[in-house]
Amino acid sequence: MAILSALILFTSFLLLYQKRITNLIITFAWQGVFLALVTLVEAITTQHNELYVSAGLTLILKVLFIPWLMRILINKLAIQNETDTVSYPFVSLLGGIVLVLFCYYLSNILAVAMGVMLLGMLLMITRRKAVSHVVGFMAMENGIFFAAVVATHGMPMIVEFGVAFDVLVAAIIFGLFFFDIRDSIDSLDVDRLNRLREDIE
Amino acid sequence: MIALYLTLAIPLISIPIMAMIGHYRLAGKINFAITSAGFIAAVFLLKTFLTHGNLLSPTSQYYLDAFNISLILLTTFIGMTTAWFSVTYMEHSIKLGRLSPGNLRLYYSMYQAFMFSMLLALLANNIGILWVSLEAATLTTVPLVSLYRSPESVEAAWKYFILCIVGIALALFGTVLLYFSAQKITGNPSDAILWTMLYSHANLIDPAIFSIAFIFLLVGYGTKIGLVPLHNWLPDAHSESPAPMSALLSGLLLNMGLYALIRFKIIGNLVLNNHLISYTLMGFGLLSFLFAAVMLHRQRNIKRLYSYSSIEHMGLMTFAFGVGTSLATFAALFYMLVHSLAKSAVFISVGNVIQLTSTQSMEKIRGLLKLKPEVGWGLLLATIAIAGIPPFAIFNSEFMIIMATVHNYLWLALIIVIGIVVALAGLFRHLQLMVYGEPTSTPDTYQAECNMWPVFCHIAIILILGLYTPSFLVTCLTEAAKLIS
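What comes next concerns the included structure. (Residues numbered from 1 in each chain as written. Chains lettered and ligands numbered in written order. Predicted model: local features only at pLDDT ≥ 70, side-chain atom pairs only at ≥ 80, totals over all residues. Heavy atoms only, no water.)

**Thoughts on the overall build of chain A**
What counts here: Put simply, DSSP marks the helices as runs of H or I at least four residues long and the strands as runs of E at least two long, and each gets a number from the N terminus on. Any residue under 20% of the maximum accessible area for its type is buried, any over 50% is exposed, and the rest in between are partly exposed; the area is computed with a 1.4 Å probe on protein chains only. Whether two residues touch is decided by their heavy atoms; if any such pair falls within 4.5 Å, the residues are in contact. Lys and Arg are tallied as positive, Asp and Glu as negative. Neither His nor the chain termini are counted. All charge positions are set by atom: Lys at NZ, Arg at CZ, Asp at CG, Glu at CD.
Each helix and strand counted, chain A has seven helices and zero strands in total. Counting from the amino terminus, chain A carries its helices and strands in the arrangement α-α-α-α-α-α-α. With the C-alpha coordinates aligned to their principal axes, the bounding extent of chain A is approximately 60 × 40 × 35 Å. Across the 201 residues in chain A, those meeting the buried criterion constitute 57%. Here the analysis covers contacts within chain A between residues at least 6 apart in sequence; of these, 73% occur between residues at least 24 apart. Considering chain A, the positive charge centre built from 12 side chains and the negative charge centre built from 15 side chains are found 11 Å apart.

**Here's the deal with unusual backbone geometry**
Residues and elements named next belong to chain B. Geometrically, the link from Val228 to Pro229 is a cis peptide bond, its omega value of 5° lying close to zero. Of note, Pro229 is situated in the loop between helix H8 (207-225) and helix H9 (233-240). Each neighbour pair has its own omega, and for Pro390 with Pro391 the value is 10°, a cis peptide bond. Of note, Ser60 is a non-glycine position whose phi angle comes to about 65°, a positive value. As for its position among the elements, Ser60 is in the loop between strand E1 (55-56) and strand E2 (63-64). For Arg149, which is not glycine, the phi dihedral falls at a positive 60°. On the secondary structure map, Arg149 appears in the loop between helix H5 (127-145) and helix H6 (151-182).

**Regarding the pattern of salt bridges**
Residue and element names in this part refer to chain A. Heads up, the condition is: When a carboxyl oxygen of Asp or Glu is within 4 Å of a side-chain nitrogen of Lys or Arg, the pair counts as a salt bridge.
In total, this model carries ten salt bridges over all chains according to the counting rule given. A salt bridge links Glu141 to Lys62, with the shortest nitrogen-to-oxygen separation between them at 3.0 Å. With Glu141 in helix H6 (residues 130-152) and Lys62 in helix H3 (residues 49-76), this pair connects stretches of sequence that are 79 residues apart. A relative accessible area of 7% means that Glu141 is categorised as buried.

**Points about the packing of helix H2 (residues 24-52) of chain B against helix H19 (residues 471-484) of chain B**
Residue and element names in this part refer to chain B. What counts is decided by this rule: Only the contacting stretch of a helix is used when fitting its axis, a line to C-alpha atoms as for every element, and angles between N-to-C directions run 0 to 180 degrees. The labels follow the angle: roughly parallel below 35 degrees, roughly antiparallel above 145, roughly perpendicular from 65 to 115, and oblique for the rest. Each crossing is labelled by how the near helix is turned from the far one, with a counterclockwise turn of less than a right angle marking it left-handed and a clockwise turn marking it right-handed. For this scheme, ten residues count as nonpolar: Ala, Val, Leu, Ile, Met, Phe, Trp, Tyr, Cys and Pro. Four count as charged, namely Asp, Glu, Lys and Arg, and the remainder, Gly too, count as polar.
Two elements in contact, H2 and H19, have axes whose closest approach is 12 Å; the angle formed by their N-to-C orientations is 70°. Compared by their axis directions, H2 and H19 come out roughly perpendicular. Once H2 is placed against H19, the crossing between them reads as left-handed. Where H2 approaches H19, its residues Leu46, Phe49 and Leu50 are matched on the opposing element by Phe472, Cys476 and Glu479. Partitioning the contact of H2 with H19 into residue classes produces five nonpolar, no polar and one charged.

**A word on the packing of aromatic side chains**
In this description, an aromatic ring pair is defined by two values, namely the gap between the centres and the angle between the planes. Our working rule: Pairing of aromatic rings covers Phe, Tyr and Trp, the last through its six-membered ring, and needs centres within 6.5 Å; plane angles under 30 degrees mean stacked, over 60 mean edge-to-face, and all others mean tilted. Placement of a charge over a ring requires the Lys NZ or Arg CZ to be within 6 Å of the ring centre, with the centre-to-atom vector within 35 degrees of the ring normal.
All told, the structure shown has 23 aromatic pairs over all chains when counted by the stated rule. Their ring planes at 20° and their centres at 5.8 Å tell us that Phe32 of chain B and Trp84 of chain B sit as a pair that is stacked. One end of the pair, Phe32 of chain B, is in helix H2; the other, Trp84 of chain B, is in helix H3 (residues 66-95), and 52 residues separate them in sequence. Given a relative accessible area of 26%, Phe32 of chain B falls into the partly exposed group. Site record: aromatic cluster; members linked through ring pairs are Phe137, Phe174 and Phe177 of chain A together with Trp158 and Phe161 of chain B. For the cation-ring pair, Lys62 of chain A lies above Phe145 of chain A, with the distance from its terminal atom to the ring centre recorded as 5.3 Å. Positioned above the aromatic ring of Trp195 of chain B, the side-chain terminus of Arg263 of chain B is 4.4 Å from the ring centre.

**Description of the interface of chain A and chain B**
Applied cut-off: Buried area, as used here, totals the accessible surface that two parts lose on assembly, with accessibility defined by a 1.4 Å probe and the loss added over both. Each polar contact in these results corresponds to two N or O atoms within 3.5 Å; when the atoms are within protein, one needs to be able to donate a hydrogen and the other to accept it, and residues that are neighboring in sequence are counted only if both atoms are side-chain atoms.
At the junction of the two partners, chain A supplies 43 residues and chain B supplies 47 residues. Interface area for chain A against chain B, summed over the two sides, is near 4100 Å², with a carbon-plus-sulfur share of 76%. We note a salt bridge from Arg149 of chain B to Asp180 of chain A, for which the minimum N-O separation is 3.8 Å. Seen at the junction of chain A and chain B, the total is one residue pair in polar contact (both at pLDDT 80 or more).

**Things to note about the nonpolar core**
Residues and elements named next belong to chain B. Our working rule: Here, the term nonpolar core denotes a set of buried Ala, Val, Leu, Ile, Met, Phe, Trp, Tyr and Cys residues that are joined through side-chain atoms within 4.5 Å.
By size, the foremost hydrophobic cluster in this structure holds 271 residues, and its most contacted members are Tyr221 and Tyr306. A total of 22 residues in this core trace back to one element, the largest contributor, which is H6. With near-sequence residues (within four places) excluded, Tyr306 lies in contact with Lys343, Val346, Phe347, Val350, Leu379, Thr383, Leu427 and Leu431.

**A word on helix H13 (residues 326-357) of chain B**
All names here are of chain B. Heads up, the rule is: A helix is expected to span 1.5 Å for every residue after the first.
Here H13 spans 46 Å end to end across 32 residues, near enough to the 46 Å set by a 1.5 Å rise per residue. With 30 of 32 residues buried, H13 is to be regarded as a mostly interior element. Immediately beyond the C-terminal end of H13, within one or two residues, lies Ser358, with a positive phi of roughly 50°.

**Focus on the state of the cysteines**
Spelled out, the test is: Disulfides are defined in this document as cysteine sulfur pairs within 2.5 Å.
Summed over all chains, the structure comprises zero disulfides over all chains. Lacking any disulfide linkage, Cys450 of chain B is separated from the closest cysteine sulfur, that of Cys457 of chain B, by 17 Å.

**As for the environment of Met400 of chain B**
Residue and element names in this part refer to chain B. Assignment of secondary structure puts Met400 in helix H16 (residues 393-408). A relative accessible area of 17% places Met400 in the buried class. In sequence terms Met400 and Arg429 are 29 residues apart; their C-alpha atoms lie 26 Å from each other. The contact partners of Met400, leaving out residues within four places of it in the chain, are Leu327, Phe330, Ala331 and Phe334.

**Points about the side chain of His313 of chain B**
Residues and elements named next belong to chain B. By secondary structure assignment, the location of His313 is in helix H12 (residues 302-323). Judged by relative accessible area, which is 1%, His313 ranks as buried. Among the polar contacts made by the side chain of His313, one reaches the side chain of Tyr335 at a distance of 2.5 Å. Among residues more than four places away in sequence, those in contact with His313 are Tyr335, His339, Lys343, Ile386, Ile394 and Glu398.

Written out as structure tokens, the structure reads:
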């Protein structure tokens, strides 16, 4: 259990450091694998049958479907070999460490989960490509899911399914957006989305 | 009970139906008929509430009380009038070639999905489902914001999407924390997700965990309310989406975030005995209110102007909930209703103005009263209502908020009065140029067919509410205020 938690946190740091978009998605899929394993271990040790369903849901959604969808999209957009610029890689890693320490200060049980969530947010802040933002958001969601597993043995089934449905729809909308964004600015660099700003008289 | 299920079922069933209707004129009318049926169901729900009081469904998943009944009525009503406006507006968009009939099917289908997710959020007793449906409300509106597929609207939708889902993800974490803190105290662990259980066991919840959870919920749902500094997406999304969508986003969706937050405030009142909730709400509210009041002066785009006005009003409401006396809470609840009516009236008028003049730039809109008197008068009256000038009902609620604030925080009341005056000046310095004077632009060659009836309908209701509040509304709001304060 502790080892798996550590691995999840470790993959979060890897995500923060990963420049190539393809590797980013593979790392994200690995995080999903560890997350499903944690859920499975938790299900076996605590005898909560609902957690088996959660583990299966994670496996299907986070390990198989979303990475598969992203792979298809980047193939279609022909950006397999692109890299994302990480602004201040060293500072962002250091910031990540500080965030995790802060989480340990706040709470011991939820530290890793909160850390994964905040690292996902940090990933979104430090990147410029839309694909990285999606991975960052999904990593955030992983952190929240992890929190629900370790702290509360998962949310009630109906909520679990509702959240999974929302994440699925979000992933599909993200996919549609890639094409819209590329059509409007000729790249997936969202920093270039800057038409709308305050007009100052 | 049947009325409750009907209120939810009507929009849910309509999602696939509206996706199938290809004939665009017919689709608009059917959409209007469906939303009218939804409003009638809500009226029956009100009747059930007035005779039987609070209603908890047998599975405990749905809950109806004085707080959400007025908002359900409001949501279905504005959903209906905006659907009415959508008929002519969308027909015109198709004539101009900004929209394909296929996109229109998406529009009407998502319209119903949006109505469904808002009603589910209002009726859900399960705080997890509350989150799921608010997220769904975001997801359904994203394709509608970028409906015209222009670079600007894609950018606005992207910003809206990213900021809102990240924000609302934090609210999910807050929900998990709250569930965690309550799990040991309710008999059956999974009951801790039900709002009624949290409410009845509130005195046993750990205050330390609740404080952290509340901060996450505040930031999460605060993003949806558009509280400064989490407001960045709001002017963009509200200004780039089609006008009926702006009316729904400003009029209804902002209320949903506030509704969710206040649900947790009710529990927090019983858990915490410090000022955390009231001070954070007051702080965020006041900051949003003042910031937006100043920003009103710097706008050039007519829709951005009124988007900032939404931030200003939502800020003042949040502030009033933070003050927390029963008068302030009553005022804030009343404010939520009348602001929605006025703001959707404004955006419907603005939609007509934009179709008439084919521009959103306020410098190019001149002499509306001469160009088309009913549109000019509609915009003028709606803006007077939104600015809080008597006898319109927003004045009553602002007046009550000031009275409540004077009692406890005299200096803040002074700041609010100044803020209201600044905001009023900000609106009218732009408005009087647009409404009076000589028209510069020639009327649109397509001769836009203007539908101002929904606007006058809303304005009449705001006027009546300003002079006289019906007894059922007083009962609902007083009871809700007792619950919240």
